[in-house]
Amino acid sequence: MATHIAALSVEPSQVLVIGDSVDDGMAAAYVGARAVLYTGGMTPREALEATGWPVVDTLAAALDHA
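Residues numbered from 1 in each chain as written. Predicted model: local features only at pLDDT ≥ 70, side-chain atom pairs only at ≥ 80, totals over all residues. Heavy atoms only, no water.

### Some points on the overall build of the chain
Heads up, the condition is: Helix and strand assignments come from DSSP, with helices taken as H or I runs of at least 4 residues and strands as E runs of at least 2, each series counted from the N terminus. Radius of gyration here uses only the C-alpha atoms, and the compact-globule reference equals 2.2 Å multiplied by the residue count raised to the power 0.38. When a residue's accessible area, from a 1.4 Å probe over protein chains only, is under 20% of the maximum for its type it is buried; when over 50% it is exposed; and in between it is partly exposed. Two residues form a contact once any of their heavy atoms are found within 4.5 Å. Throughout, the Shrake-Rupley method with a 1.4 Å probe supplies accessible areas, and for residues the shown protein chains are the sole cover considered.
Helices and strands together make up the secondary structure of the chain, namely four helices and three strands. Helices and strands appear in the chain in the N-to-C order α-β-α-β-α-β-α. For the chain, the C-alpha radius of gyration of 12 Å lies close to 11 Å, the compact-globule estimate for 66 residues. By principal-axis analysis of the C-alpha atoms, the chain measures approximately 35 × 20 × 15 Å. When burial is assessed residue by residue, the chain has 24% of its 66 residues classed as buried. At a minimum sequence separation of 6, the contacts of the chain that also span at least 24 residues come to 28%. For the chain, the exposed area adds up to about 4,200 Å²; of that, 57% sits on carbon and sulfur atoms.

What follows is the structure in structure tokens.
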């Protein structure tokens, strides 16, 4: 992820990662990006909510965090 962000020539803090797993949120935090977690994957909502990152039920709602 860090290589991709660098290739885009943007600051990590300007990036919003929309993921469907706890690992996606952790990867975003590791590179300094923001994260929103989507309940449409295989990770249960409770596990996503336990991370403290915003959790949404639709991809359209995830864009509200941009």
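### A word on the sheet that holds strand S1 (residues 16-19)
Going by this rule: For two strands to count as paired, DSSP must find a minimum of two bridges between them. Helix axes are fitted only over the stretch in contact, all axes being lines through C-alpha atoms; the angle between N-to-C directions runs from 0 to 180 degrees.
In spatial order, the strands read S1-S2-S3; together these three strands make up an open sheet with parallel pairing. Looking at strand neighbours, the two that pair on one side only are S1 and strand S3 (55-56), the edges of this open sheet. Across two bridges, the pairing between strand S2 (residues 34-38) and S3 is parallel. Paired with Tyr-38 across the two strands is Val-56, which belongs to S3. Against the sheet, helix H2 (residues 22-31) contacts S1 and S2, and its axis sits at roughly 175 degrees relative to S2.

### Focus: the pairing of S2
So the rule is basically this: Every crossover in which the path from the first strand over the helix to the second runs clockwise, viewed with the strands pointing away from the viewer, is termed right-handed.
As paired strands, S1 and S2 are joined by four bridges and run parallel to one another. By the bridge assignment, Ile-18 is partnered in S2 with Val-36. For the handedness criterion, the β-α-β arrangement of S1, H2 and S2 is classed as right-handed.

### Details of the side chain of Ser-21
Within the secondary structure layout, Ser-21 lies in the loop between S1 and H2. With relative accessibility at 17%, the residue Ser-21 sits in the buried group.

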